[in-house]
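# Coordinate analysis (summary)
Here is what each chain is made of, one letter per residue.
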Amino acid sequence: MKLVKLLANLGYGSRKQVAWMFREGRITDAGGEVLYADDRVAHADIRVDGEPLDPPQGLTLLLHKPTGYTCSTKDTGRLVYDLLPPRFRLRAPALSTVGRLDRDTSGLLLFTDDGQLLHRIISPKAALPKVYEATLAQPLRGDETALFASGTLMLESETTPLLPATLEVVAPTHARLTIVEGRYHQVRRMFAAVGNHVVALHRSRIGGLSLGDLPEGQWRPLDAADLTTLFG
Ligand code: URA
């Protein structure tokens, strides 16, 4: 791909703006040699104002989503993209959320511009476990663990039962739920199906990947080792 297109796709500016950056000599190779708009150079060898391309090729990141942010590029109100550098929203291919969390759910949210990786993560075949901490309005009754594990629980207006899920009772109104699907509002609807109500929901883990000590509202890029942990 020609450099002018590559940099525009990465959100460094429109093609016209990026073309100016070339004319101003701001785009160089790793050795400081000025590059031209039509050049084709390996991603890792390009510098903008002396800095390597940000982010490096392909982008997958982990956000500690606070409540109150919507997983959308164009809803009204606060969006998860507001927590990332503005340039990321201009990237092509687009940086998409890997599945969604409700506005009122906090926790681990992945983004990627790699369509194949996105499908690998959300594919029912991968059956990656997702762990949620749910705070409930009512104390648990006691039969929920067996019912959720049974593989027979049917959610309202659905035609196939849920796959078995693992419920750990942490306290009378605190449950840790592990599911391998991603149906619409699944966790909230599961507790509604047993006469309860989720008052707070937090996703702590996908596959082997957890938030670690990443503060709420912060993000970090994932590297190859993180992806191994995710699928591991
Ligand atoms: N299940 C829900 O109900 N909400 C989420 O945000 C994620 C899973």
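Residues numbered from 1 in each chain as written. Predicted model: local features only at pLDDT ≥ 70, side-chain atom pairs only at ≥ 80, totals over all residues. Heavy atoms only, no water.

Moving on, we get to helix H5 (residues 186-193). Residues of H5 that are buried: Gln186, Val187, Met190 and Phe191. With its buried residues spanning 130° around the axis, H5 presents them on a single face. Residues of H5 that are buried sit in contact with strand S7 (130-136), helix H4 (144-149), strand S8 (166-171), strand S9 (174-179) and strand S10 (198-206). Gly195 sits one or two residues past H5 and shows a positive phi near 75°. (Buried < 20%, exposed > 50% of the residue type's maximum accessible area, 1.4 Å probe, protein only. Helix = DSSP H or I, 4+ residues; strand = E, 2+ residues; numbered from the N terminus. Arc of directions from axis to C-beta. Contact = heavy atoms within 4.5 Å.)

Let us now look at the domain arrangement of the protein. Quoted interface sizes are often the accessible area lost when the parts come together. When cut into domains, the protein gives domain 1 (3-52), domain 2 (60-124 + 208-231) and domain 3 (130-206). A separation of 49 Å is found between the C-alpha centroids of domain 1 and domain 3. (Domains from an automatic or database assignment.)

We now examine the packing of aromatic side chains. Evaluated as defined, the whole model comprises 3 aromatic pairs. Arranged with centres 5.4 Å apart and planes meeting at 70°, the rings of Phe88 and Trp219 form a pair that is edge-to-face. Of the two residues, Phe88 is situated in the loop between strand S4 (60-65) and strand S5 (96-97) and Trp219 in strand S12 (residues 219-221); the sequence distance between them amounts to 131 residues. When its relative accessible area of 1% is taken as the criterion, Phe88 is described as buried. Here Arg120 stacks its cationic end above the ring of Phe231, 3.9 Å away from the centre of that ring. (Phe/Tyr/Trp six-rings, centres within 6.5 Å; stacked < 30°, edge-to-face > 60°. Lys NZ or Arg CZ within 6 Å of the ring centre and 35° of its normal.)

Next up on the list: helix H2 (residues 15-23). Of the positions making up H2, those classed as buried are Val18, Ala19, Met21 and Phe22. The arc that holds every buried residue of H2, seen down its axis, measures 155°, which confines them to one face. Those residues of H2 that are exposed and angled more than 90 degrees off the buried face are Lys16 and Arg23. Buried residues belonging to H2 abut helix H1 (3-9), strand S1 (27-29) and strand S2 (46-48).

This brings us to the site of the ligand. Every residue close to the ligand is listed here: Leu101, Asp102, Thr105, Tyr132, His185, Gln186, Val187, Arg188 and Leu201. One nitrogen or oxygen atom from the main chain of Val187 is found 3.1 Å from a nitrogen atom belonging to the ligand. Within the backbone of Arg188, a nitrogen or oxygen atom sits 3.0 Å from an oxygen atom of the ligand. In isolation the ligand exposes 240 Å². Once the protein is present, 95% of that is buried. Applying the majority rule of atoms within 2 Å of the grid points places the ligand in the largest pocket. Looking at side-chain class alone, the shell around the ligand contains 4 nonpolar, 3 polar and 2 charged residues. Two domains each put at least three residues into the shell around the ligand: domain 2 (60-124 + 208-231) and domain 3 (130-206). (Near = heavy atom within 4 Å. Polar contact = N/O pair within 3.5 Å; in protein donor to acceptor, adjacent residues only side chain to side chain. Areas by Shrake-Rupley, 256 points an atom, 1.4 Å probe, with all protein chains shown as cover. 1 Å grid on protein atoms, 1.4 Å probe; cavity = no way out; pocket = protein on both sides within 12 Å on 5 of 7 lines; lining within 4 Å. Sits in = over half its atoms within 2 Å of the grid points. Nonpolar A, V, L, I, M, F, W, Y, C, P; charged D, E, K, R; others polar.)

Before going further, it helps to examine the pattern of salt bridges. Throughout the structure, instances matching the rule amount to 13 salt bridges. In this structure, Arg103 and Asp104 form a salt bridge, with 4.0 Å as the shortest nitrogen-oxygen distance. With a closest N to O distance of 3.1 Å, Arg189 and Glu158 form a salt bridge. You can see Arg189 sitting in helix H5 and its partner Glu158 sitting in the loop between H4 and S8, a full 31 residues away along the chain. Judged by relative accessible area, which is 23%, Glu158 ranks as partly exposed. Among the charged side chains, a salt-bridge network with shared partners connects Glu158, Glu181, Arg183 and Arg189. (Salt bridge = Lys/Arg side-chain N within 4 Å of Asp/Glu carboxyl O.)

Right, let's talk about the sheet that holds S1 for a bit. Backbone hydrogen bonds hold the strands of a sheet together, and the pairing may be parallel or antiparallel. Taken together, 3 strands build an open sheet; the order of strands is S1-S2-S3 and the sheet is antiparallel. Only two strands of the sheet have a single partner each, and these edge strands are S1 and strand S3 (51-52). In the sheet, S1 pairs with S2 via 3 bridges, with the strands oriented antiparallel. Opposite Thr28, over in S2, you have Arg47 as the bridge partner. (Pairing = 2+ DSSP bridges.)

Core analysis: the largest hydrophobic core is formed by 33 residues, its most contacted members being Val80, Phe111, Phe148, Leu177, Met190 and Phe191. Mapped onto this core, the elements with two or more residues apiece are S4, strand S6 (105-112), S7, S9, H5 and S10. Of the domains in this structure, domain 2 (60-124 + 208-231) and domain 3 (130-206) are the two that each give at least three residues to this core. Formed by 15 residues, the second largest nonpolar core is a distinct cluster that contains Leu6, Phe22, Leu35 and Ile46. (Core = buried A, V, L, I, M, F, W, Y, C linked by side-chain atoms within 4.5 Å.)

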